[in-house]
Amino acid sequence: MAKRPQLTGRAAILAVVVCAIAMSLAYPVREYISLRRSISELRAEKARVEAEKQALLARDRQSDDPNWIKKTAKERLHYCGPGEKCYVVMEPEQGRAQAAVKQPAQVPPWYETLWESVQAADKGTGRRAVTGQQDVPDEQPSKKPTEQPSKAH
């Protein structure tokens with residue numbers, strides 16, 4: 001009896017066909033999974049937007065109430081009705097916190113600074129730039145200049 005080879009021609013063709021089918025289905029399956037993930041993200045976003053819409057509708061219905069309008073005007077705008085005496089009490093911590101917060105200084109544009117330095121140099125009122133070395137003292141140390149030193153960028 002002759003021994004049959006383990007891999008016949010039919011088996012090889014069947015293996016090639018199965019691999020071709022698997023390779024042709026890989027991309028569509030990946031796209032399907034990606035689209036399902038995208039759909040679930042969109043559903044979650046839709047739920048979030050719907051909740052926000054409901055909150056805005058509730059706020060809109062609340063704004064139709066005249067008592068709510070009066071209450072809000074008194075709280076936010078410090079509105080006083082006719083014949084009422086209203087007082088505003090400032091809390092001490094709040095006043096200090098607001099005073100402690102400083103607004104950052106507005107930095108002028110570079111061309112404005114450059115033009116100011118050119119004008120100051122033309123008038124002779126410009127100051128020497130600080131180079132990290134000791135500055136030469138002014139002729140009149142008691143007189144303070146009123147103009148801020150210009151910065152060159």
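First, a word on scope: everything that follows refers to the structure included in this document. Throughout, residues of each chain are indexed from 1 in the direction in which the sequence is written. A pLDDT threshold of at least 70 governs which residues receive local features in this predicted model, and a stricter bar of 80 or more applies before side-chain atom pairs are shown or counted, although totals over entire chains, interfaces and linings include all residues. Values reported for side chains reflect all heavy atoms of the structure, with hydrogen atoms and water molecules removed beforehand.

On to the overall build of the protein chain. A count of helical and extended segments in the protein chain gives 4 helices and 0 strands. Three labels apply to residues, based on accessible area from a 1.4 Å probe with only protein chains included: buried if under 20% of the type maximum, exposed if over 50%, partly exposed otherwise in between. Taking all 153 residues of the protein chain together, 4% fall into the buried category. Per-residue and other accessible areas were derived by the Shrake-Rupley procedure at a 1.4 Å probe size, with only the shown protein chains allowed to occlude residues. With an accessible surface of roughly 15400 Å², the protein chain has 58% of that area assigned to carbon and sulfur atoms. Numbering of helices and strands runs from the N terminus; a helix is a DSSP stretch of H or I covering at least four residues, while a strand is a stretch of E covering at least two.

Aromatic ring pairs are described here by two measures, namely the spacing of the ring centres and the angle between the planes. Between rings of Phe, Tyr and Trp, where Trp is taken as its six-membered ring, a pair exists when centres lie within 6.5 Å; planes separated by under 30 degrees are stacked, by over 60 edge-to-face, and by other angles tilted. Counted under the stated rule, the structure contains 1 aromatic pair. Between W110 and Y111, the aromatic rings sit 5.8 Å apart at their centres with planes inclined by 85°, giving edge-to-face as the arrangement. Neither W110 nor Y111 differs from the other in exposure class; each is exposed.

So, about the pattern of salt bridges. Think of it this way: side chains of opposite charge can pair up when their charged atoms draw near. Salt bridge, as used here: a side-chain nitrogen of Lys or Arg that lies within 4 Å of a carboxyl oxygen of Asp or Glu. Applying the stated criterion across every chain, the model contains 2 salt bridges. Salt-bridge contacts for E52 lead to R48; the nearest nitrogen and oxygen are separated by 3.7 Å. Pair noted here: E52 and R48 are both in helix α1 (residues 9-63), with a separation of 4 residues, about one helical turn. Judged by relative accessible area, E52 falls into the partly exposed class, the value being 44%. The closest approach of N and O atoms between E84 and K74, which form a salt bridge, is 3.1 Å. Placement of the pair is E84 in the loop between α2 (66-76) and α3 (92-100) and K74 in helix α2, with a sequence separation of 10 residues. Relative accessible area serves as the criterion here: at 38%, E84 is assigned to the partly exposed category. When its relative accessible area of 39% is taken as the criterion, K74 is described as partly exposed.

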